[in-house]
Every structure is written in C-alpha cells, then in structure tokens.
Amino acid sequence: MPDLFYPFDWLASQIVSRLFGISLDSHLGASLHFFLYDVPKVLTLLITISFIVGILQTFLQPERVRYWIGDKRSFIGNILAGMVGIVTPFCSCSAVPLFIGFLSAGVPLGVTFSYLISAPMVNEVAVVLLWGLFGLKVTLIYISFGVGLAIAAGYAIGLLKLEKWVEPFVWELQKGNQGQIPAENDLEMMKMTWKQRFLRGQYQVTEIFKSVWPYVVGGIAIGAIIHGYVPADLIMQWAGAGNPLAVPIAVILGVPLYANIAGVLPITEALVNKGMPLGTVLSFTMAVTALSFPEMVILRKVLRSQLLAIFIALVTIGIIAIGYLFNFLLA
Amino acid sequence: MSTMKVEILGSGCKKCQQLENNAREAVSHLGIDAEIVHISDQMEIVKRGVMSTPALAVNGKLVSRGQVISSEQIQQLIQQ
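Residues numbered from 1 in each chain as written. Chains lettered and ligands numbered in written order. Predicted model: local features only at pLDDT ≥ 70, side-chain atom pairs only at ≥ 80, totals over all residues. Heavy atoms only, no water.

## Here's the deal with the overall build of chain B
Stage number 1. Counting its regular elements, chain B contains 3 helices and 4 strands.
Stage number 2. In sequence order, the secondary structure elements of chain B are arranged as β-α-β-α-β-β-α.
Stage number 3. The globule rule puts the C-alpha radius of gyration for 80 residues at 12 Å, and the 11 Å found for chain B is close to it.
Stage number 4. Based on the C-alpha atoms only, the size of chain B along its principal axes is roughly 30 × 25 × 15 Å.
Stage number 5. Here chain B holds 80 residues, and 55% of them are scored as buried.
Stage number 6. If you take every contact in chain B between residues at least 6 apart in sequence, the share linking residues at least 24 apart comes to 66%.
Stage number 7. Looking at chain B as shown, the accessible area adds up to about 3700 Å², and 45% of this sits on carbon and sulfur atoms. (Helix = DSSP H or I, 4+ residues; strand = E, 2+ residues; numbered from the N terminus. Rg over C-alpha atoms; globule rule 2.2 N^0.38 Å. Buried < 20%, exposed > 50% of the residue type's maximum accessible area, 1.4 Å probe, protein only. Contact = heavy atoms within 4.5 Å. Areas by Shrake-Rupley, 256 points an atom, 1.4 Å probe, with all protein chains shown as cover.)

Here it is, written out as structure tokens:
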C-alpha cells in the first residue's frame, strides 16, 4: 500500500536537510523532522476526518439512535449500541440526559452502557491522532477493541441486573414520561438538507480545529524533543515491556487527562519510537477517553456509587487486559 | 410584539457556553428584544426530551440540539 503521508515526509526532509542544511541523523535534525512532518500531517487528517464525521453525525443523532436500539434484545442491542457509538456525537456533559433518555425509551441498562462506553472512546479526535501518529492498522485495532470492550462491559452490566442501583428518580421519570418523550415532530425537526449537513461538517471542522490545534502542536513539539534527545534506554526502563506495571500506570495517568488527549498522544508517539510498547499506549488512550473524571462525576447524579464502581471496574479491567494482550501479541 | 424567549439547554460545559455566546451574538446582531435563558437543570433538560446537549429552543420550541451552531444559523432559526 502506498504511504498516504509520503509527501509530508518528503517535504519535511527537504526542509530540514536542504533549507536548513541540518543532517537528519543529528539530534536537532531528527527533532525538527519529527515536528515538521507530524504537525501538517495530523492537522490535515484532523480537518478531513472531522468534516466527514461532522456530516455522518447529522444522520446519527442520539435521539434517533435510541429508537433503533430501543426494541432490540440484549446482546444484539449491545452490539448495535457499540457500533453506532463510533460515529455519534458525544459530549460528556450530555451523559445524564442521554442516559435518562435511553432508559425512558425502553433501552435496557446494559445496552445503554455499551453506548456510553463506545461513544466517547471512539471519537474522531482520538481516531485521527492514532491514525496520523501510529498508522491505519493500529487505528482499526483500537476501534475494534474499543467497541468490543463496550459490547462486553455493557453486556456484563445487563447480565448482572443492576437496575436497582440506578437512582430511583430516573425510573420515576421514566413512568411519568412514557409516551410523552417520543415526539414525532422532534424527529421531523432533525431532517436536514444536504446543504445543512455540509455546513454542519464545516462548522465541526472549525470548532474542533480551534480547540485542538494548540494541543497538537504543543504535544508534537514535546514529542519532537523526546524523539531527538531522550535516550531510548531511559524510556525502556520506565515504560518498556520489562515493566509489568506500565499498563496499569498508563491507565491511572490517563483518567484525569480527558481534554488533553490531543497533546498527550503525540508525546506517546515519540515514546513508542523509543521502545514503549503499543499496547500500553492503546490502554492509555482508552483510559483518557472512556474513563474521564468529569464524566464520572456527572454520571454519579443518576447512578448509585455501587453501579458507578462496577462500571469503572469493568472498563478499567477491560482496558488493562487489552493493553497486556496487545503487548503480549506484539512482543 | 411580545418578547422572544431564547433558551440554551446544557449543563454549563464549554460547548453550552459557546452556544450561549453565539445566541447572544445572534440576538444583538438582529437587534431584537429577546430574553436569553441558560437552563442547566438536568431534569428540566430531560423533561424537554433533549438527550444531546447543548440544545437551543426558541419560544419553547426546540430548534437545535447536540451541537454548537453558529450565530448566523441561530439568526436564521430565530427569523423563521
């Protein structure tokens, strides 16, 4: 397969070696090349993918999705929920209305969780960064493991019959709202023309770009310094395959970093080049996106702490298992 | 003409605030008399049938949700 990003590589090499006259093998040259190659590559991908995802999302509003999966039996429902989670828009601040909305439409608890895990974990920013920094194969693996985890964890929650640990007012609200929430005209309202969908895609691009580019550039700059100057054995010692605790540590470090994934992943790229195993990075990425601290605080409003704890435990164990599995397979 | 009511439904995250700013900009650009309310009560949001925030309602009718729309788009929606 031809390398899509070859032109970026070529241009970066030309600038460093011809324009600046610095050898690509020197510390400074390697750092500069890393920076000049990654920044345009990641930003190009970011623009392209957020445009496509922005358009796709106009077809997959959560209000619509709950009708698709509302009457599906468990497991089939989990699979569907995990899959549609890939492209639906999700902002952790809408976790509560979404959770209640799904349950009141008759979506089973476990299926709702599959969606709640998949939607934030497989978001376009994470996908773009993984693709740009680690390649298409790693990205596809991430998506399939992520969706697999969402399906499995949601299915487990369904089997455990944990409805009793959802705050009682949610069920009260469900009774009160039955037959009221559907509102056909709401679905009417969401019909859009293609022009509107394109505008939406365009707006999505500018919004994501504006909020993410400083992190990308900053992260790549730090990554570039690590790439050029930090000796590989130092990384191997901290985060290499020889450290059995690297995966859980990566997960713990990832949880509070939700907003900064765009800045942190480029740093991990440099670390991987220096010998940090890829499974550790995948675990880390999943922890950042699926277990964000603010989302947990928000979910506490509708979930008893027992259920929240089970949810966190299932996802954490799943993520750590994926990390180990991966490191083992690739070793 | 009675005062128009523009409501932003959202928990107060960055996206919701952005939508509120855009709505304010739209209203002042149109030079109309409108009351802008930010509803951050989760229960109220759910009662409106909204699952993806931020959402926007004009005179009690939902016109957009799950996305931050631009001031221009809001102006169009208000004028309809």
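## Considerations on the overall build of chain A
Stage number 1. From N to C terminus, chain A includes 17 helices and 0 strands.
Stage number 2. In terms of overall dimensions, chain A is globule-like: its C-alpha atoms have a radius of gyration of 21 Å, near the 20 Å expected for 331 residues.
Stage number 3. Expressed along its principal axes, the backbone C-alpha trace of chain A runs to roughly 70 × 50 × 35 Å.
Stage number 4. Counting over 331 residues, chain A shows a buried share of 53%.
Stage number 5. In chain A, once contacts between residues fewer than 6 apart in sequence are set aside, the share between residues at least 24 apart is 85%.
Stage number 6. Summed over all atoms, the accessible surface of chain A reaches about 14700 Å², with 71% contributed by carbon and sulfur.

## Details of the interface of chain A and chain B
Stage number 1. At the interface, 26 residues of chain A touch 25 residues of chain B.
Stage number 2. Buried surface at the junction of chain A and chain B, both sides included, amounts to about 2200 Å², of which 58% is carbon and sulfur.
Stage number 3. Applying the counting criterion to the chain A and chain B interface returns 0 salt bridges.
Stage number 4. Counting across the interface, chain A meets chain B through 2 residue pairs in polar contact (both at pLDDT 80 or more).
Stage number 5. Take the side of chain A that touches chain B: its biggest share by element is 6 residues, from helix α5 (residues 95-104) of chain A.
Stage number 6. Classifying every residue of the side of chain A that touches chain B gives 15 nonpolar, 5 polar and 6 charged. (Buried area = accessible area lost by both parts, 1.4 Å probe. Salt bridge = Lys/Arg side-chain N within 4 Å of Asp/Glu carboxyl O. Polar contact = N/O pair within 3.5 Å; in protein donor to acceptor, adjacent residues only side chain to side chain. Nonpolar A, V, L, I, M, F, W, Y, C, P; charged D, E, K, R; others polar.)

## Digging into the sheet that holds strand β3 (residues 55-58) of chain B
Residue and element names in this part refer to chain B.
Stage number 1. With mixed pairing, the 4 strands of this open sheet are ordered in space as β2-β1-β3-β4. Either end of the sheet is taken by a strand with one partner, and the two such strands are β2 (34-39) and β4 (61-65). Each adjacent strand pair in this sheet contributes to an overall mean axis angle of 20°, direction not counted. (Pairing = 2+ DSSP bridges. Axes fitted to C-alpha atoms, helices over the stretch in contact; angles between N-to-C directions.)

## Regarding the nonpolar core
Stage number 1. Among the nonpolar cores identified, the biggest contains 99 residues, and Phe99(A), Ile100(A), Leu109(A), Phe113(A), Leu303(A) and Phe311(A) are the most heavily contacted of them.
Stage number 2. Look past the residues within four positions of Phe99(A) in its chain and what remains in contact with it is Leu109(A), Thr112(A), Phe113(A), Leu116(A), Val166(A), Val302(A) and Leu303(A).
Stage number 3. Counting residues in each nonpolar core, the second largest holds 15 residues, with Val6(B), Ile8(B), Leu19(B) and Ile74(B) among its members. (Core = buried A, V, L, I, M, F, W, Y, C linked by side-chain atoms within 4.5 Å.)

## Let's talk about helix α1 (residues 6-19) of chain A
Residue and element names in this part refer to chain A.
Stage number 1. Here α1 contains 14 residues, and its C-alpha end-to-end distance of 19 Å stays within 8% of the 20 Å for a straight helix at 1.5 Å per residue.
Stage number 2. Turning to α1, its buried residues number three or more, namely Ala 12, Ser 13 and Val 16. In a view along the axis of α1, the buried residues occupy a sector of 100°, so they form one face of it. Of the exposed residues in α1, the ones pointing more than 90 degrees away from its buried face are Arg 18 and Leu 19.
Stage number 3. On its buried face, α1 sits against α2 (27-57).
Stage number 4. Phi for Gly 21, located one or two positions after α1, is positive at around 65°. (Expected span 1.5 Å × (residues − 1). Arc of directions from axis to C-beta.)

## With respect to the side chain of Glu7(B)
Residues and elements named next belong to chain B.
Stage number 1. Locating Glu 7 in the fold gives a position in strand β1 (residues 4-9).
Stage number 2. There is a polar contact of 3.0 Å between the side chain of Glu 7 and the side chain of Arg 48.
Stage number 3. When near neighbours in sequence (up to four residues on either side) are disregarded, Glu 7 contacts Val 37, Ile 39, Arg 48, Ala 55, Leu 56, Ala 57 and Gly 60.

## Looking at helix α13 (residues 246-254) of chain A
Stage number 1. Of the positions making up α13(A), those classed as buried are Ala246(A), Val247(A), Pro248(A), Ala250(A), Val251(A) and Gly254(A).
Stage number 2. Elements in contact with the buried residues of α13(A): α12 (232-239), α15 (278-290) and α17 (305-330) of chain A.

## Comments concerning the pattern of salt bridges
Stage number 1. Summed over the entire model, instances satisfying the criterion amount to 8 salt bridges over all chains.
Stage number 2. When the shortest N-O distance is used, the salt bridge between Glu167(A) and Arg300(A) registers 3.2 Å. Residue Glu167(A) is located in the loop between α8 (136-159) and α9 (168-177), and its partner Arg300(A) is located in the loop between α16 (293-299) and α17; the two are separated by 133 residues in the primary sequence.
Stage number 3. Where Arg48(B) meets Glu7(B), a salt bridge forms, and the shortest distance between an N and an O atom there is 3.0 Å. Of the two residues, Arg48(B) is situated in the loop between α2 (42-47) and β3 and Glu7(B) in strand β1; the sequence distance between them amounts to 41 residues.

## Topic: a nonpolar patch on the surface
Residues and elements named next belong to chain A.
Stage number 1. On the surface, Leu 325, Phe 328, Leu 329 and Leu 330 cluster together into a nonpolar patch covering about 450 Å² of accessible area.
Stage number 2. Relative to the elements of secondary structure, Leu 330 occurs in helix α17.
Stage number 3. The class of Leu 330 is exposed, set by a relative accessible area of 51%. (Patch = residues over 30% accessible without salt bridge, like charges linked within 9 Å, V, L, I, M, F, W, Y side chains within 5 Å.)

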